[in-house]
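# Structural characterization, general
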Amino acid sequence: MQKVFEKPDLLLKTEHSLCPGCGEPVALRIILELIQELGLRDRTICVAGIGCYTAFPMIMDVDVMQALHGRAPSVATGVKRVRPDAFVFTMQGDGDMISEGLQEVIHSAARGEKFTAIVFNNAVFGETGGHMTAATVLGQHTKTTVGGRDRERHGNPIKISELLAQLDGAAYVARAAVHTPSGIKLTKQYLHDAFRAQLEGKGFSLVEILTMCPTDWFVTPDQGPAFLEEKLKPIYPLGVIKSL
Ligand SMILES: Cc1ncc(C[n+]2csc(CCOP(=O)(O)OP(=O)(O)O)c2C)c(N)n1
Ligand code: SF4
């Protein structure tokens, strides 16, 4: 039988410790495929935040620095400034970037730091058990918004891509999702364009990737894509928000 698809070499093994139906391993695979296809492996440095994706460095064959919760953009700033020849990307969750480290990413984008920020937005603090983040959508039931997120009580969700796209230092900003095959293809295209923006020295780039978290959405793994489509996508529309 002819082999038509295989894992990228940079993915050391296909087993992982994340939940069945999680979207984050899908996003990781695309990132590693692109790094391999663009021949960036030897100059890549990833700065990882803290969340379920913190398990990924064990299975990715690229250099990774671990940052404190929310601080990855500041660490990436330092890495890129001392190694301008390196290809640098951050890997954060919405809890890490939008709740705990919002000022870090805003200032990095405003300064036009030349790394690519990647945020896996599943609208919850996944690893610690499914609490509300700044990206939790109104009405969403989490461990800390038991009756659903309420505008008066908990405030409105922050749309990180739209927020950062306003800043002059941001060269490329897009939002993608990995809940369908066409979404996965588009995610790869947006990541490619963000990586290019960095390689051409245009400025800060961000790709927000909506990812499934069936465990903390209290649905079964097979219901994750529909939940993302119905609850998250209307609030977080997909597409390129800025491209200089
Ligand atoms: C300063 C600090 N506060 C809280 C924590 C606990 N903590 C670890 S992982 C995590 C949740 C991460 O959520 P997110 O970044 O959205 O990623 P996910 O787990 O959903 O992939 C939290 C709150 C921590 N490690 N450091
Ligand atoms: S808790 Fe959510 S984000 Fe974490 S591994 Fe499970 S499905 Fe993925």
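Let me sum up the structure you'll find in this document. (Residues numbered from 1 in each chain as written. Chains lettered and ligands numbered in written order. Predicted model: local features only at pLDDT ≥ 70, side-chain atom pairs only at ≥ 80, totals over all residues. Heavy atoms only, no water.)

This brings us to the site of ligand 1. Near ligand 1 lie 17 residues; those nearest to it are Glu24, Gly95, Asp96, Gly126 and Glu127. Residue Tyr53 places a side-chain N or O atom 3.0 Å away from an oxygen atom belonging to ligand 1. Here an oxygen atom of ligand 1 and a backbone polar atom of Glu127 are 2.8 Å apart. Within the complex, the protein chains bury 74% of what would otherwise be the 600 Å² of accessible surface of ligand 1. The set of elements that each furnish at least two residues to the shell around ligand 1 consists of α3 (94–100) and β5 (124–125). Looking at the shell around ligand 1, the element that brings in the most residues is α3, giving four residues. The class makeup of the residues in the shell around ligand 1 is five nonpolar, seven polar and five charged. (Near = heavy atom within 4 Å. Polar contact = N/O pair within 3.5 Å; in protein donor to acceptor, adjacent residues only side chain to side chain. Areas by Shrake-Rupley, 256 points an atom, 1.4 Å probe, with all protein chains shown as cover. Helix = DSSP H or I, 4+ residues; strand = E, 2+ residues; numbered from the N terminus. Nonpolar A, V, L, I, M, F, W, Y, C, P; charged D, E, K, R; others polar.)

Turning our eyes to something else, we now look at the site of ligand 2. Within the structure, ligand 2 sits among Leu18, Cys19, Cys22, Glu24, Cys52, Asn122, Gly126, Cys213, Pro214, Thr215 and Asp216. The element best represented in the shell around ligand 2 is helix α8 (residues 214–217), accounting for three residues. The residue inventory of the shell around ligand 2, partitioned by class, reads six nonpolar, three polar and two charged.

All right, on to the packing of aromatic side chains then. Considering all chains together, one arrives at five aromatic pairs under this definition. Look at Trp217 and Phe227: their rings are 4.5 Å apart centre to centre, the planes differ by 20°, and that puts the pair in the stacked class. With Trp217 in helix α8 and Phe227 in helix α9 (residues 224–232), the pair connects residues that are ten residues apart, well separated along the chain. For the pair shown, Trp217 and Phe227 are each scored as buried. (Phe/Tyr/Trp six-rings, centres within 6.5 Å; stacked < 30°, edge-to-face > 60°. Buried < 20%, exposed > 50% of the residue type's maximum accessible area, 1.4 Å probe, protein only.)

This part covers helix α7 (residues 181–199). For α7, spanning 19 residues, the distance from its first C-alpha to its last is 27 Å, which sits close to the expected 27 Å at 1.5 Å a residue. Where α7 is concerned, the buried positions are Gly183, Thr187, Tyr190, Leu191, Ala194, Phe195, Ala197 and Gln198. The arc that holds the buried residues of α7, viewed along the axis, is 150°, so those residues lie on one side. The exposed residues of α7 that point more than 90 degrees off its buried face are Pro181, Ser182 and Lys185. Phi for Gly201, located one or two positions after α7, is positive at around 70°. (Expected span 1.5 Å × (residues − 1). Arc of directions from axis to C-beta.)

These results come straight from atomic positions and should not be treated as a statement about function.
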